[in-house]
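Close look at the chain arrangement
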Amino acid sequence: MSKHLNPRALLTPASRGMLDRIARAGHPPMHALSPDQAKQAYAAGAGVLDLQPHKLPRVEDVLISARDGQRLPARLFAPSSDVPLPVLLYFHGGGFTVGSVATHEPLCRHLAHLAECAVVSVDYRLAPEWKFPTAVHDAWDSLAWLREHALDLRLDGARMAIGGDSAGGTLAAVTAIAARDAGWALALQLLFYPGCAGHQNTPSHHTFAKGFLLEEPHISYFFDQYLNEPAERDDWRFAPLDGVDASGEIPDLEGVAPLWIGLAECDPLVDEGVMYADRMRMAGVPVDLEIYAGMVHGFIQFARALPQALTAHNDAARALRQAWRA
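This write-up is about the structure you can find in this document. Source: prediction; values computed, not measured.

Turning next to the packing of aromatic side chains. A full pass over the atoms with the stated rule returns 13 aromatic pairs. Each ring, one from F132 and one from Y226, has its centre 5.6 Å from the other, and the planes form 85°; the classification is edge-to-face. Residue F132 is located in the loop between strand 4 (118-122) and helix 4 (134-149), and its partner Y226 is located in helix 7 (residues 216-226); the two are separated by 94 residues in the primary sequence. The same class applies to F132 and to Y226, which are both buried. Taking the centre distance of 4.6 Å and the plane angle of 10° together, the rings of W140 and W184 count as stacked. With a gap of 44 residues between them, W140 in helix 4 and W184 in the loop between helix 5 (167-182) and strand 6 (188-192) connect regions that are remote in the sequence. You can call W184 partly exposed: its relative accessible area is 22%. Positioned above the aromatic ring of W130 is the side chain of R125, whose terminal nitrogen or guanidinium carbon lies 4.5 Å from the ring centre. In this structure, R147 packs its charged tip against the face of W184, placed 4.1 Å from the ring centre.

Set out below in structure tokens:
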């Protein structure tokens, strides 16, 4: 992008209008709120521009056992089927601090419908009450639990995918690497604008730092809630693009599950998403990368305002259906 171009010119008219309406509403920015207030504000606003929840014949609440004995609430969404369904394990976004199964229910219902699969969405534990790496452990424990209980839930444990958006995309990416290490095959990793890097120093972080919904102070706020100390920014379980393991090495990505990654053009995280896709390709992982022009972070939950949200839902569902066939 030319440095002379106003980055707002990249937005679609609908994106620009949506951001203007949000600005006019005058709500205090999330980084000015306490974590409890931020959770409440995010929950209150989550459905405003989202789809009407798609009706499904099967919606079940389940409890997932974590390693410390905690029971994690989760919700299973599925179309009707006479045979065990393939399943997407999904982690919601929200900077490891806000968000829930409820805030992402319309998205998960729609993916289950479009991809003809079950979706299990997990309420992993959130900061600041639960610091890094609790969410990472909860994500892994959720995958282990789902593998063990797939048949009980009438799911096809041989056809499992993992996915998430934003911070949930980070958790899915990290869990996919750990699954490769454990020898657990996954059909696909499905990532919407994941956080991949430990430091906000790419050009897109500067270009879209203010006025594009996810602002730099929000990112710093979330990281401050989640991390115990700055050094954890360089842990691969937080930064799968450039973080290191206990031996000081950046983990190799060879043999990780195929990747579908959907990014927003006008998002601070877009550059690190592209770089992560490139690293996957270099490691020989099949990659399908979509960049949605003129979109901002979070757009997949704004389907009533932004038609590209539905395009992204359909693209992701197509990738899942192809993965199930493979």
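Glancing now at the pairing of strand 5 (residues 155-165). Taken across its 11 residues, strand 5 has eight buried, putting it largely inside the fold. Bridge count for strand 3 (residues 85-91) against strand 5 is six bridges, and the pairing is parallel. Bridge pairing in strand 5 links L89 to I162. Relative to strand 6, strand 5 runs parallel, the two sharing five bridges. By the bridge assignment, D165 is partnered in strand 6 with F192. Handedness of the strand 5-helix 5-strand 6 crossover: right-handed.

What follows deals with the nonpolar core. One finds F91, L146, L155, L171, Y226 and Y276 to be the most contacted residues of the largest nonpolar core, which totals 73 residues. Not counting residues within four places of it along the chain, the set of residues in contact with Y276 comprises A173, I177, L191, C196, P240, L241 and L253. Core analysis: the second largest hydrophobic core is formed by 43 residues, C108, C266, V296 and I300 among them.

Parameters and conventions
- Residues numbered from 1 in each chain as written.
- Predicted model: local features only at pLDDT ≥ 70, side-chain atom pairs only at ≥ 80, totals over all residues.
- Heavy atoms only, no water.
- Phe/Tyr/Trp six-rings, centres within 6.5 Å; stacked < 30°, edge-to-face > 60°.
- Helix = DSSP H or I, 4+ residues; strand = E, 2+ residues; numbered from the N terminus.
- Buried < 20%, exposed > 50% of the residue type's maximum accessible area, 1.4 Å probe, protein only.
- Lys NZ or Arg CZ within 6 Å of the ring centre and 35° of its normal.
- Pairing = 2+ DSSP bridges.
- Right-handed = clockwise from strand over helix to strand, strands pointing away.
- Core = buried A, V, L, I, M, F, W, Y, C linked by side-chain atoms within 4.5 Å.
- Contact = heavy atoms within 4.5 Å.

Coordinates in, geometry out; function isn't part of it.
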